[in-house]
Amino acid sequence: MREYSHLVMAPAVIVSCLMMMVMGSSCFGDEPDGCEADIEIVTLHVSNPANFFFQSTDSMQTVFSTDSVITFAVRGDADVTALSPVLTLSPGATVSPASGSTHDFSNGPVTYTVTSQDGKWQRHYRVNVIPTMVTVADTLRFDFEHYELETATQRYYVWHNTLANGTLGNDWATANPGYRISMSTAQPMDYPTTPLLNGYDGSAVCLMTRDTGPFGRMANKRLAAGNMFLGTFDIRIAMSDHWHATRFGLPFTSRPDRFTGYYTYEPGPTVQDFYGNPIEGRTDSASVYAVFYRNHDAAGNEVVLYGDNVLSSDLLVAVANLGYVTPTTTWTAWDVKFEYRSEVDEQLLADRGYSLAIVFSSSSSGGYFIGAIGSRLCVDKVRLICTHEE
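In this text the structure is predicted, and so the values were computed from the model without any measurement.

Procedures and definitions
Residues numbered from 1 in each chain as written. Predicted model: local features only at pLDDT ≥ 70, side-chain atom pairs only at ≥ 80, totals over all residues. Heavy atoms only, no water. Helix = DSSP H or I, 4+ residues; strand = E, 2+ residues; numbered from the N terminus. Buried < 20%, exposed > 50% of the residue type's maximum accessible area, 1.4 Å probe, protein only. Contact = heavy atoms within 4.5 Å. Areas by Shrake-Rupley, 256 points an atom, 1.4 Å probe, with all protein chains shown as cover. Core = buried A, V, L, I, M, F, W, Y, C linked by side-chain atoms within 4.5 Å. Phe/Tyr/Trp six-rings, centres within 6.5 Å; stacked < 30°, edge-to-face > 60°. Pairing = 2+ DSSP bridges. Axes fitted to C-alpha atoms, helices over the stretch in contact; angles between N-to-C directions. pLDDT = per-residue confidence, 0-100. Salt bridge = Lys/Arg side-chain N within 4 Å of Asp/Glu carboxyl O.

**Topic: the overall build of the chain**
Piece 1. Across its full length, the chain carries seven helices and 29 strands.
Piece 2. The buried share of the chain, taken over its 390 residues, is 55%.
Piece 3. Partitioning the intrachain contacts of the chain with sequence separation of at least 6 by distance along the chain shows that 73% fall at a separation of at least 24.
Piece 4. Taken as a whole, the chain presents about 15,900 Å² of accessible surface, with 50% of it coming from carbon and sulfur.

**Some points on the nonpolar core**
Piece 1. Counting 38 residues, the largest nonpolar core has F144, F259 and F360 as the members making the most contacts within it.
Piece 2. When residues no more than four places from it in sequence are discounted, the contact partners of F144 are W159, W172, S203, A204, V205, M228, F360, V379, D380, K381 and V382.
Piece 3. Core analysis: the second largest hydrophobic core is formed by 24 residues, V74, L89, A93 and V129 among them.

**Brief notes about the packing of aromatic side chains**
Piece 1. Counted by the stated rule, this structure contains 20 aromatic pairs.
Piece 2. Relative to F369, the ring of F274 lies with its centre 6.2 Å away and its plane at 65°, an arrangement referred to as edge-to-face. Highlighted residues: F274 in the loop between β22 (271-272) and β23 (287-294) and F369 in the loop between β27 (354-361) and β28 (371-372), separated in sequence by 95 residues.
Piece 3. With relative accessibility at 4%, the residue F369 sits in the buried group.

**Thoughts on the sheet that holds strand β3 (residues 69-75)**
Remark on secondary structure: sheet strands pair via backbone hydrogen bonds, oriented parallel or antiparallel.
Piece 1. Ordered by their spatial adjacency, four strands build an open sheet running β3-β7-β6-β5, and the pairing between neighbours is mixed. The open sheet is flanked by β3 and β5 (94-96), the only strands paired with a single partner. Each adjacent strand pair in this sheet contributes to an overall mean axis angle of 25°, direction not counted.
Piece 2. Pairing geometry for strand β6 (residues 110-115) and strand β7 (residues 122-132), over six bridges, is antiparallel. Following the sheet pairing, T115 is matched in β7 by Q122.

**Quick word on the confidence of the model for the chain**
Piece 1. When pLDDT is averaged along the chain, the result is 87; 88% of the residues meet or exceed 70.
Piece 2. Low pLDDT, under 50, characterises residues 1-31; the stretch is placed with 150 contacts to residues that sit more than four places away or in other chains.

**What about the pattern of salt bridges?**
Piece 1. As enumerated under the stated definition, the model contains 10 salt bridges in all.
Piece 2. Residue D38 is joined to R123 by a salt bridge in which the shortest nitrogen-to-oxygen separation is 3.0 Å. Here R123 lies in strand β7 and D38 lies in the loop between α2 (26-29) and β1 (39-43), a separation of 85 residues in the sequence. Here D38 and R123 have matching classes, each one buried.
Piece 3. D143 is the salt-bridge partner of R383, the closest N and O atoms lying 2.8 Å from each other. Taken together, the residues R383 in strand β29 (residues 376-387) and D143 in the loop between β8 (137-142) and β9 (147-149) connect sequence positions 240 residues apart.

Structure, rendered in structure tokens:
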């Protein structure tokens, strides 16, 4: 089974992040003091971290504003029957059960309810601690069948993957939260990333480059590419640092070999530049790729890749890039082999020292606000075929 825990972004994914900078802090400045009901950090303290965690940095997780499921992946023989997570909450908030209380995570996730300081707001979080075994060969499957409207706002869709214990996780992310700020009146199916009921087999995911409306035109950020990626999107950071709002990559314990799936792609009618001017003779293009990289630097610091280095970082070990995505209205298979740039350290692999990112975008230059409104990329039955040498 596979486990993850962080990620990154491609240029096209940055689109909605930048939209938040247009709005500045007004979106959040209108919220009354005391209404926050968030878990900000979760820490697990154990007596022997080296035998419990794969990496020392695995003992603490920052919780992003869009997260509701928090998962710790621990060594396969770790005892998870009596653990006491310590929770850092938004100012004045309270939580039940209490921070530091002891629970048996072998029975599944523990649900925490956070109440705001003024007592008027609540959020529910599920914390998982999952022993993770390394397998010799495995295929990771993403069929996009598990999705729902985001719980807090009911404005846009979110997708779930299946965790090792059979529950649903939140490893897939989109920049839909950013689009909500630029187009607050948009209906759920008007967002850049939406479900498609009739995919190749069951449901699929549909990514469409959308107009960002008056705020986008005012700031020359006129479009938002539809995107989906393994990782996290932090709306708070996006207002001040759009390149780092989207974090690509989840810790991964197998050697990826092939990246496969099915797609349709229809470019929009007119590619426009940063200023909204048509670019004659240019057809929009999509992005479909996966990267595998070392997630700690030489000093042992945790690393994720961002929009400005996801395809160029020196920590990249292997890349599987479909390259030119041929336009087609019929479901078309892709099968791309990972091209390795350096050797894999098997012990580091077993210790979750590598991360995997999968990225899809309807406009490959959307991060620079270049693309065609109406470009539509649909993907389904994505597979990551892996091997592991023991």
